[in-house]
Amino acid sequence: MSAENIENVVGRPKRIGVLTSGGDAPGMNAALRAVVRSGIYRGFEVYGIRKGYEGLLSGDMYEMNLRSVSDIMNRGGTILQTARCPEFMTQEGVLRGYRMAQVFKLDAIVIIGGDGSFRGARDLAKVGMNVIGIPATIDNDISSTDYTIGFDTALNTVKDAIDKIKDTAYSHERCSVVEVMGRGAGYIALSCAIADGAEACILPEQHFDINTDIIKPIIGCRNRGKHHYIVIIAEGVGGTIEIAKQIEEITGISTNATILGYQQRGGSPTVKDRVAASLMAMKATEVLAAGERNKIIAEKNEKYIAIDIDEALNMTKSLDPDMIEASKMLSL
Ligand code: ADP
Ligand code: F6P
């Protein structure tokens, strides 16, 4: 829809706010850039809200223009910054957020973030604000979408780190236990287990037994002539260092543990993340220009669609059983 056509749309929002919330993810800046540029193209005024819901509550926002988002596409993190805002988890906090949005005459707010941020958005929708969510988290754990911005960059960061760890494991004939992010979800762990040929991968979604799921595959590999091993543990499983100790005690194989930590959230976004962020953000402003309310943008079968926020938050998704099978079969 052109900027001229937008003038004819009844009940359209004229001024939109945009914020990044929850854990930062590579590609948030690319999404922000595309919200600002496509939003202005479609005839909106765009206000950047700093530090997520915290900035909404304190009215920490400013009008952005086409140049406000220059040279940010390649940067990790988020130039608007992000925060966790406990006050927004209360009804009073949400109402205060709504009132502040009225002060700045925001007709809609675009929320770039994860599942928690979308729950906050739903609460804001309930008190009368029009909200549109763009899924961004390295965990890829938002049920309504096949893909979340930041996932591919994090996978490549983990792949690079494990490739390096593997060089040492091979040279010294060691076992390396690597903890990757994913408090409640094993998407990063599972993809990287396939990409790096890990001997074992332990996921928060599944009960595990150290003898069956770690020691047995390692001994099996050793008996077939392999002398270096990678075990990937998703953060949500917990006890990574203890697991490494037990592997060494039971097998006698020199074993170390590496917790990859926050490097997985940083870095310049990959092409996939830049493109996904740009197209999801364009879809968000398209939906707003069409006068739609309270949607989450999602990738489904390689297309970008908008799903009603209540429906989106009630969806479930689970790890692909074919990927679980591949991670086990191919490491033999
Ligand atoms: P993410 O969006 O990455 O999942 P969080 O779960 O930390 O990150 O959520 C980010 C922010 O969203 C929280 O600090 C809070 O302000 C808001 N939020 C999270 N869960 C809720 C909820 N159930 N109701 C209202 N607001 C929420
Ligand atoms: O961004 C997602 C995530 O990295 C989770 O995997 C992790 O548990 C969480 O964020 C940790 O974030 P923080 O330390 O900022 O609370």
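If you're wondering where the values come from, they're calculated on a predicted model, not measured in any experiment. (Residues numbered from 1 in each chain as written. Chains lettered and ligands numbered in written order. Predicted model: local features only at pLDDT ≥ 70, side-chain atom pairs only at ≥ 80, totals over all residues. Heavy atoms only, no water.)

So, the environment of Ala154
You can see Ala154 is positioned in helix H6 (residues 151-172). Using a relative accessible area of 0% as the deciding quantity, one classes Ala154 as buried. Sequence separation between Ala154 and Gly267 is 113 residues; the distance between their C-alpha atoms is 8.5 Å. The residues contacting Ala154, other than those within four sequence positions of it, are Ile138, Ile188 and Gln264. (Helix = DSSP H or I, 4+ residues; strand = E, 2+ residues; numbered from the N terminus. Buried < 20%, exposed > 50% of the residue type's maximum accessible area, 1.4 Å probe, protein only. Contact = heavy atoms within 4.5 Å.)

Side note on the site of ligand 1
Taken together, 15 residues are adjacent to ligand 1, and Arg84, Cys85, Gly114, Gly116 and Ser117 come closest. A distance of 2.7 Å separates an oxygen atom of ligand 1 from a polar backbone atom of Cys85. Taking Ser117, its side chain carries an N or O atom lying 2.5 Å from an oxygen atom of ligand 1. If ligand 1 stood free it would expose 560 Å²; the protein chains cover 80% of that surface. (Near = heavy atom within 4 Å. Polar contact = N/O pair within 3.5 Å; in protein donor to acceptor, adjacent residues only side chain to side chain. Areas by Shrake-Rupley, 256 points an atom, 1.4 Å probe, with all protein chains shown as cover.)

Things to note about the sheet that holds strand E8 (residues 229-234)
Taken in spatial order, the 4 strands line up as E7-E8-E6-E9 in an open sheet, and their pairing is parallel. Among the strands making up the open sheet, the edge pair consists of strand E7 (200-202) and strand E9 (255-259). Along the sheet, successive strands turn relative to each other by an average axial angle of 15°, direction set aside. Bridge count for strand E6 (residues 175-180) against E8 is 6 bridges, and the pairing is parallel. Residue Val177 lies in a different strand from E8, and its bridge partner there is Val231. Relative to the sheet, helix H8 (residues 210-223) contacts E6, E7 and E8, its axis offset from that of E8 by approximately 165°. Packing of helix H9 (residues 240-251) onto the sheet brings it into contact with E6, E8 and E9, and relative to E9 it is tilted by some 165°. (Pairing = 2+ DSSP bridges. Axes fitted to C-alpha atoms, helices over the stretch in contact; angles between N-to-C directions.)

What is shown is where atoms sit, not what they do.
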